[in-house]
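So the chains spell out like this:
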Amino acid sequence: MRVLFVTSEVAPLIKTGGLADVSAALPLALRRLGDDVRVLVPGYPQVLTALESFKIEAFFTGIAGFPDARLFASTLPDGVPLWVIDCPELFQRDGGIYQDGNGNDWPDNALRFGLLSKVAAILGGQGSPLDWKPEIVHCNDWQTGLTPAYMHFSPGSAPCVMTVHNLAFQGVFPPQAISELDIPAESFQPHGVEYYGNFSFLKAGLYYANHITTVSPTYAEEIKTDALGFGFQGLLGARSSSLTGILNGINDSEWNPANDPALACGYEAGNMAGKAANKRELQMQMGLTVDPKMPLFGLVGRFTHQKGLDVVLEIAPQLVASPAQLVLLGSGDATMQSDALALARQYPGQIAAVVGFDENLSHLIEAGADIFLMPSRFEPCGLNQMYSQRYGTPPIVHATGGLVDSVVDCNAATLAQGAATGFVFNNMTAPDLLRCVQRALAVYRDKKSWPALQLNGMNRDFGWQKSAAKYREIYASLLPTG
Ligand code: ADP
């Protein structure tokens, strides 16, 4: 199958979260299964400077409402073909890919991701300037949400799959954006792109895509409820027969403790000695007291309400009194950032906090910590809890979304079955998280159970193969028969 995979970020070129990891790993896994998958991304400076070579493949001029653009053809480091939209006016700028240096959304985001959506639709439609014609266009999150709408209004286009990585981000713009983006005015209604009086890219994608997927089976159910549907629950309930939850995999060559270049020392199931060297390295780098016996908790992720960082900060004093140590890496909410740094100052040697994005440090935390914290209020899939299991660092997770689908709670029965891989708590409150922390510490001190728990997680298969095969089934179901 020929699949155009459209995304606003792809690792290792440009990454703000899990979407970038999936956009690298899923196309690769599909290609290994024999499909011809190509990735389309915007030409941000980080992408263009990372390309070793490229060739100009097409010009897009005179598209109503959009500046002129070019299409570059190149490849990702792992060999997956890459197409890059070169449009300096929209993509060549300092700051983040969605926001300026002050954390404000770029004012022209509708146009920026409208262009990404439009180019994808052109490549998937009858008027594509390329010889290579996709049989499926696979869109990801709101930034590509207009593609299914454009393709719906362009007869003869390929079928479209829309994957929701996080329903909390909806690409909402004022209604007038619709006329600037060349979307037919009649689609501004509940059966179309309208979203509570505004215009939503994600709504367009969810409404017009031929099939919707999201990144875990549990999240696929949760987004049909009032609690986690973000106002889309009615539409998603109505589209239930075209909605599938497929658990993300991980890139298990990049996230492999046996040969991870970011680690102080490699290790693997059956040969865990190196894990202690990573703990020591992490404690030293972070200015924590170097103590092999002191339980060390780690957290990597966006500092947001979604990720439950506020609750972690709330229990941090009791956690370190257990006694234990805590290392935090992430960025996001300004108050949470300064609260995390203040705690680190207040508890020197026991709490360390790094505000920023640091790929190498995130790997070292996965390897050097004893227990990983991921108490997300909601979590479409989550990757860190899978990385941590692979690295022999059992995670503590809240019972939500992909966390439920990827972590088996440790109790006498699951330990006896060899199934337990971490700790799951039900109520997202500080006392419940703290109780779970104490439960994990009790197992940590049990010299027989802890290694068994670590091994169960390390031996699990979190690779992409099975999930990629499920995406193929969905693609195949959308192709014309006969
Ligand atoms: P989300 O996509 O909601 O942010 P995921 O767990 O799905 O959460 O994926 C987050 C990805 O980004 C993981 O690969 C994680 O390690 C990485 N990540 C998040 N914050 C940081 C950070 N501050 N430094 C390094 N990597 C980070």
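Look up: the structure comes first, before these words.
Just so we're clear, the structure is a prediction, and the values are computed from it rather than from any experiment.

Trainee: What should I look at first to understand the pairing of strand S1 (residues 2–6) in this one?
Mentor: For S1, the buried fraction is high: four of the five residues fall into the buried class. When S1 meets strand S2 (residues 36–42), the two strands line up parallel, connected through five bridges. Along S2, the bridge assignment pairs Val3 with Val37. A crossover links S1 with its parallel partner S2, the connecting element being helix H1 (residues 18–32), and its sense is right-handed.

Trainee: Which parts of the structure should I look at to understand the packing of aromatic side chains?
Mentor: Any aromatic ring pair is given by two values, namely how distant the centres are and how the planes are angled relative to each other. Taken as a whole and judged by the stated rule, the model has 18 aromatic pairs. Aromatic pair Trp142 and Phe201: ring centres 5.5 Å apart, planes at 80°, arrangement edge-to-face. Linking Trp142 in the loop between strand S6 (136–140) and helix H5 (146–152) with Phe201 in helix H7 (residues 201–208), this pair joins segments that are 59 residues apart in sequence. Given the relative accessible area of 0%, Phe201 is considered buried. Among the aromatic residues, those joined into a cluster by ring pairs are Tyr98, Phe113, Trp142, Phe173, Phe199 and Phe201. Over the ring of Trp106 we find Arg93, and its NZ or CZ is 4.7 Å from the ring centre. Lying across the ring of Tyr150, Lys118 places its NZ or CZ 4.2 Å from the centre.

Trainee: Got a minute to help me understand the sheet that holds strand S10 (residues 198–200) in this structure?
Mentor: Pairing between sheet strands relies on hydrogen bonds along the backbone, with the strands arranged either parallel or antiparallel. Pairing within the open sheet is antiparallel, and its three strands lie in the order S8-S10-S9. Each edge of the open sheet carries a strand with a single partner, namely strand S8 (172–173) and strand S9 (194–195). Each of S8, S9 and S10 touches H7; the most contacted strand, S10, lies at about 60° to it.

Trainee: How should the nonpolar core be read in this particular structure?
Mentor: The tendency in soluble globular proteins is for nonpolar side chains to be buried side by side. Among the nonpolar cores identified, the biggest contains 98 residues, and Leu40, Leu71, Leu181 and Leu206 are the most heavily contacted of them. A per-element tally of this core places H1 first, with nine residues. Once you skip the residues sitting within four places of it in the chain, Leu71 turns out to touch Leu40, Lys55, Ile56, Glu57, Ala58, Phe60, Trp83, Val84, Ile85, Val119, Leu123 and Leu130. Counting 40 residues, the second-largest nonpolar core is a separate cluster that includes Ala324, Tyr347, Cys410 and Val437.

Trainee: How should empty space enclosed by the protein be read in this particular structure?
Mentor: One water molecule sets the probe size; rolling that probe over the atoms shows where empty space is left. In this structure the tally under the stated criterion is one cavity of 30 Å³ or more. Within this model, the largest cavity holds a volume of roughly 50 Å³. What lines the largest cavity is Asp21, Val22, Ala25, Gly249, Ile250, Asn251, Glu254, Trp255, Leu383, Tyr387 and Trp464. In terms of residue count, H1 provides more of the lining of the largest cavity than any other element does, three residues in total. When its residues are assigned to classes, the lining of the largest cavity shows seven nonpolar, two polar and two charged.

Reading the values: the criteria
Throughout, residues of each chain are indexed from 1 in the direction in which the sequence is written. For this predicted model, a pLDDT threshold of at least 70 governs which residues receive local features, and a threshold of 80 or more governs which side-chain atom pairs are given and counted, while totals over whole chains, interfaces and linings are taken from all residues. Each side-chain value is derived from all of the structure's non-hydrogen atoms; neither hydrogens nor water enter the calculation. A 1.4 Å probe rolled over the protein chains alone gives each residue an accessible area, and that area as a share of the maximum for its type sets the label: buried under 20%, exposed over 50%, partly exposed in between. Counting from the N terminus, the helices are the DSSP runs of H or I reaching at least four residues and the strands are the DSSP runs of E reaching at least two. At least two bridges found by DSSP between two strands are what make those strands a pair. The handedness rule is simple: strands pointing away from the viewer, and a clockwise path from the first strand over the helix to the second, make the crossover right-handed. Any two rings among Phe, Tyr and Trp, with Trp reduced to its six-membered ring, count as a pair given centres within 6.5 Å; such a pair is stacked if its planes are under 30 degrees apart, edge-to-face if over 60, and tilted if neither. Over a ring means this: the NZ of a Lys or the CZ of an Arg is within 6 Å of the ring centre and within 35 degrees of the ring normal. Here a residue-residue contact requires only that any non-hydrogen atoms of the pair lie within 4.5 Å. Axis lines are fitted through C-alpha atoms, for helices just across the contact stretch, and the angle between N-to-C directions can take any value from 0 to 180 degrees. In these notes, a set of buried Ala, Val, Leu, Ile, Met, Phe, Trp, Tyr and Cys residues joined through side-chain atoms within 4.5 Å is what counts as a nonpolar core. The way it works is a 1 Å grid over only the protein atoms, where trapped points that fit a 1.4 Å probe form a cavity and open points with protein on both sides within 12 Å along at least five of seven lines form a pocket, and then any residue with an atom within 4 Å of a point lines it. Grid points are joined across faces, edges and corners, and a volume is the space filled by probe spheres set on the points. Residue classes follow a fixed rule: Ala, Val, Leu, Ile, Met, Phe, Trp, Tyr, Cys and Pro count as nonpolar, while Asp, Glu, Lys and Arg count as charged, and any other residue, Gly among them, counts as polar.

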